[in-house]
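Structural description and commentary
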Amino acid sequence: MEARKKIKVECLKSEEAWKLFQDKVGDETLNSHPDIRELAKQVAKRCGGLPLALITMGRAMALKLKCKVTALSALFLVPVYWKEMEKIL
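The name recorded for the protein in an unreviewed UniProt entry is NB-ARC domain-containing protein, from Gossypium arboreum.

1. Considering the overall build of the protein
Within the protein, the regular secondary structure consists of five helices and zero strands. Restricting the contact set of the protein to residue pairs at least 6 apart, pairs at least 24 apart contribute 50%. When the accessible area of the protein is evaluated, it comes to approximately 7,500 Å², of which 60% is carbon and sulfur surface.

2. Quick look at the nonpolar core
Membership of the largest hydrophobic core is limited to 12 residues, which are Ala17, Trp18, Leu20, Phe21, Val25, Leu30, Ile36, Ala40, Ala44, Cys47, Leu54 and Met61. Secondary-structure elements contributing two or more residues to this core are α1 (14-25), α3 (36-46) and α4 (51-77). No other element matches α1, which puts five residues into this core.

3. With respect to the environment of Ala53
Mapped onto the elements of the fold, Ala53 is located in helix α4. Taking C-alpha positions, Ala53 is 9.2 Å from Phe21, a pair spaced 32 residues apart along the chain.

Parameters at a glance
Residues numbered from 1 in each chain as written. Predicted model: local features only at pLDDT ≥ 70, side-chain atom pairs only at ≥ 80, totals over all residues. Heavy atoms only, no water. Helix = DSSP H or I, 4+ residues; strand = E, 2+ residues; numbered from the N terminus. Contact = heavy atoms within 4.5 Å. Areas by Shrake-Rupley, 256 points an atom, 1.4 Å probe, with all protein chains shown as cover. Core = buried A, V, L, I, M, F, W, Y, C linked by side-chain atoms within 4.5 Å. Buried < 20%, exposed > 50% of the residue type's maximum accessible area, 1.4 Å probe, protein only.

Structure, rendered in structure tokens:
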């Protein structure tokens with residue numbers, strides 16, 4: 001797919017990058033474990049202020065928690081699959 005119009009995207013400053021990343025990760029994920037916020041800051045920093053990277057990684061981090069919570073809920077609902085789910089987690 002070719003772009004017809006090029007748009008220059010500037011890297012965000014560290015404060016702006018962290019704000020965008022937090023918005024995409026969400027408070028639920030950031031507060032889910034004492035170490036998560038510090039890890040999230042490290043991930044955001046490694047994105048180098050690139051908006052697309054911040055959005056993609058932030059959403060992935062948020063989704064990871066939601067998938068884990070769903071999987072953990074399944075562990076309690078379906079005891080037959082406990083061992084298989086433990087392998088996934």
